[in-house]
Amino acid sequence: MPGQQIQTQNKPLMFKILKRFNRCRAAEMTLPHGPVRTPVYMPVGTKGGMKGLTSENMSELIDCDIMLSNTYHLFLKPGEDIMASMGGLHKFEHWDRNILTDSGGFQIVSLGELNSLDESGVSFKSHIDGREFKLTPERSMEIQNKIGSDIMMALDDVVPPTTTGPRVEEAMERSVRWLDRCIAAHKNTDRQNLFGIIQGGVNDDLRKRCCELMSARNLNGYAIGGLAGGEDKDDFWRTVKVCTDFLPDDKPRYVMGIGYAEDLMVCSLLGADMFDCVFATRTARFGSVFTKYGMIKLKKEQYAEDFGPLSEGCQCYTCQNYTRAYLQHTFRHDQSCLHLLSLHNVHYLIHLLRGLRQAVLDDSAEKYAQEFFRNYYREDKGGIPQWIRNAMAECKIEL
Ligand SMILES: [Zn+2]
């Protein structure tokens, strides 16, 4: 359906597909704080702002349309009332573009000490001071309503994708029941969007059923959760494909927690539109950076006399002004180097997908994808992995 435009307008979100390449969609999503060009990588500001990057960096140097903030961190410290009294997270962070917040559930499972989980919600101890809290669907909505994010995520029951047996189905069904409680508790339907999260592990039937159940709730967007947790890569992309097959075509689709360049490309080509991960900034702090030819560890001796940019052709501020040799030299003793590496990594992922989007609009998406994968695995002795070839076959792209 090349060129077919589809538009959904459920205030406060408008999603307009401008053009397609096979399964891939170049779209514009309009939210209360402006347009978001999709497919989009959303960088994660764990405790509010981005580590090592200011809000001005994010808008002026990186041209980021939307950032993610972790609800768990924000409500432990500084607490949602401080944000509410400042007029919401946008004002608190000095960020006037869009914000997506998670429900807090995933962070509890990964960081906090989980005490118990039952039908009412999850009880846990803060990883900061051991205080006890209970998070329910209603409480998650209350916090996210006060924070004032443009997109809020429903509280879901997350199980690792390597889980098998009846627990996977139980978690999927509970996620649907909790979604209904979130819908009932959401107070700002005129200015905040609620997305549901598809669960079901790597079981195609459960994923399909979850897509059908949640689609019937007619939300403004849907996420695919519970992936990127150590599952087989063929299970990973196949699950994304099943979900993009069964989710509504006219709504944005968000794959949660993925941040490898190859995963973003594969999922975008399969028909997903939004992604988030802390990987870009976290890995920068260890001196690992994205390049056109795969990731490199800047600490390696070979870069001491390398006067090229971090990544050939990269238009970011770091690559326009600094060499690998300088960045390696300053890496160990200068905080500003971490800032420059984070800036490059976030810019790289945002503009990798923006480039794909432009290629869809220009009818050159197949070439863009082929060049990306061939370059990215150029120095990898194994070449392009088989799982990527399998996924791309579904997208009618030969590698
Ligand atoms: Zn760069």
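Structure first, text after, so check above.
Residues numbered from 1 in each chain as written. Predicted model: local features only at pLDDT ≥ 70, side-chain atom pairs only at ≥ 80, totals over all residues. Heavy atoms only, no water.

A. Spotlight on the nonpolar core. Counting residues in each nonpolar core, the largest one holds 104 residues, and the members touching the most others are Met58, Val266, Leu269, Leu341, Val346, Phe373 and Met392. Residue contributions to this core peak at 14 residues, all from helix α14 (residues 335-361). Both domains that furnish three or more residues to this core are identified here as domain 1 (6-277) and domain 2 (288-385). Setting aside anything within four residues of it in sequence, one finds Phe373 in contact with Glu262, Met265, Val266, Leu269, Ile384, Ile388, Met392 and Leu399. Ile17, Met29, Leu68 and Ile197 belong to the second-largest nonpolar core, a separate cluster that totals 21 residues. (Core = buried A, V, L, I, M, F, W, Y, C linked by side-chain atoms within 4.5 Å. Buried < 20%, exposed > 50% of the residue type's maximum accessible area, 1.4 Å probe, protein only. Helix = DSSP H or I, 4+ residues; strand = E, 2+ residues; numbered from the N terminus. Domains from an automatic or database assignment. Contact = heavy atoms within 4.5 Å.)

B. Region of the structure containing the packing of helix α10 (residues 261-270) against helix α15 (residues 365-376). Two numbers describe how α10 lies on α15: the axes approach to 11 Å, and their chain directions differ by 155°. When the axes of α10 and α15 are compared, the pair comes out roughly antiparallel. Helix-helix and strand crossings are classified by hand; for α10 and α15 the assignment is left-handed. In this structure, α10 uses Ala261, Glu262, Met265, Val266 and Leu269 to contact α15, whose residues at the interface are Tyr368, Ala369, Phe372, Phe373 and Tyr376. Each residue belonging to the contact of α10 with α15 can be placed in one class, and the counts come to nine nonpolar, no polar and one charged. (Axes fitted to C-alpha atoms, helices over the stretch in contact; angles between N-to-C directions. Parallel < 35°, antiparallel > 145°, perpendicular 65-115°, else oblique. Left-handed = near helix turned anticlockwise from the far one by under 90°. Nonpolar A, V, L, I, M, F, W, Y, C, P; charged D, E, K, R; others polar.)

C. Just the pairing of strand β10 (residues 132-135), in detail. What you see with β10 is a clean split: Phe133 and Leu135 sit on the buried side and Glu132 and Lys134 on the side with no burial. Looking at chain direction, strand β9 (residues 121-125) and β10 are connected through four bridges and run antiparallel. The partner of Ser123 across the bridge, within β10, is Lys134. (Pairing = 2+ DSSP bridges.)

D. Looking closely at the sheet that holds β9. Across the sheet, three strands lie side by side as β8-β9-β10; this open sheet has antiparallel pairing. The sheet is open, and its two borders are formed by β8 (113-118) and β10, each paired with just one other strand. Averaged over neighbouring strand pairs, the angle between their axes works out to 20° when direction is ignored. Relative to the sheet, helix α7 (residues 166-185) contacts β8 and β9, its axis offset from that of β8 by approximately 80°.

Spatial relationships are all this shows, so hold off on functional conclusions.
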